[in-house]
Amino acid sequence: MKPFIKAITEALRDLADAENAHWMHKYMREKYPFLGVKKPEREEVFKALYKQHGSAEDWFDVSTELFAMSEREFQYVAMDYVIKAKKSWDGRVPALCEQWIGEESWWDVVDNLAPKILGPYFLQFPAERDYWIQRWMNSGNFWLQRVCLVFSLGYKEKTDTVLLATTIQALSTSKEFFIQKAIGWALRQYARTDPEWVLDFVANNALAPLSKREALKHL
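Residues numbered from 1 in each chain as written. Predicted model: local features only at pLDDT ≥ 70, side-chain atom pairs only at ≥ 80, totals over all residues. Heavy atoms only, no water.

Following both chains from N to C, one finds helix H8 (residues 129-137) and helix H9 (residues 142-150) inclined at 140 degrees, their axes separated by 8 Å at the closest point. On the basis of the axis angle, H8 is oblique to H9. Our pair here, H8 against H9, has a crossing hand that is left-handed. For the pair H8 and H9, contact is made by Ile-133, Trp-136 and Met-137 and by Leu-144, Gln-145, Val-147 and Cys-148, respectively. (Axes fitted to C-alpha atoms, helices over the stretch in contact; angles between N-to-C directions. Helix = DSSP H or I, 4+ residues; strand = E, 2+ residues; numbered from the N terminus. Parallel < 35°, antiparallel > 145°, perpendicular 65-115°, else oblique. Left-handed = near helix turned anticlockwise from the far one by under 90°. Contact = heavy atoms within 4.5 Å.)

Looking at the secondary structure, you find Leu-49 in helix H3 (residues 39-52). For the pair formed by Leu-49 and Phe-4, sequence separation is 45 residues and the distance between their alpha carbons is 6.7 Å.

It is worth spelling out the environment of Glu-103 at this point. With respect to the helices and strands, Glu-103 occurs in helix H6 (residues 92-103). On the basis of relative accessibility, which here comes to 46%, the residue Glu-103 falls in the partly exposed class. When the C-alpha positions of Glu-103 and Phe-67 are compared, they lie 9.7 Å apart, and in sequence the two are 36 residues distant. (Buried < 20%, exposed > 50% of the residue type's maximum accessible area, 1.4 Å probe, protein only.)

Given below as structure tokens:
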């Protein structure tokens, strides 16, 4: 076992809390088992151990092994590990994210991978963006389609409004809650940069009530 994986496994298991685990499991609709380690404690341990071991190990191997572990905290650490390894990213990133979404689809993973990993990745490797967005839009998997809506949440003035508009329009008739919510989220976030564009888009496009309400929440 790699030193970082051994160290983080021991540290998180030492922090396990059965009561926290129960409520975290309930909060996630009983989909995943938890150790019961809350985010601040998990992040503190991760930071210390990454400094000690992490940067010397291959991000892909470590994160893949961590994500395959059963408790949800290890999957969060796997994503944190990839984020920390940004300077070493290569073409394996989108396929790995796609695999993880396919294996453990739920909002907590999708909403971490999309804006925190795939968003920065596509700024770093812009030539790859259109291939993956088209692939995920055509997948029929609404979680992958949600990625297409929210990967650029942090882009601000770098947002490709043509892509944002066409993606929303393609998904605007979806009855899926997580798609409708993501449409509103993407528009609400971009409204912080260009509220007039968002107001005009909402006025001139048919959106689900939930999407519209979310888009205009702060306008």
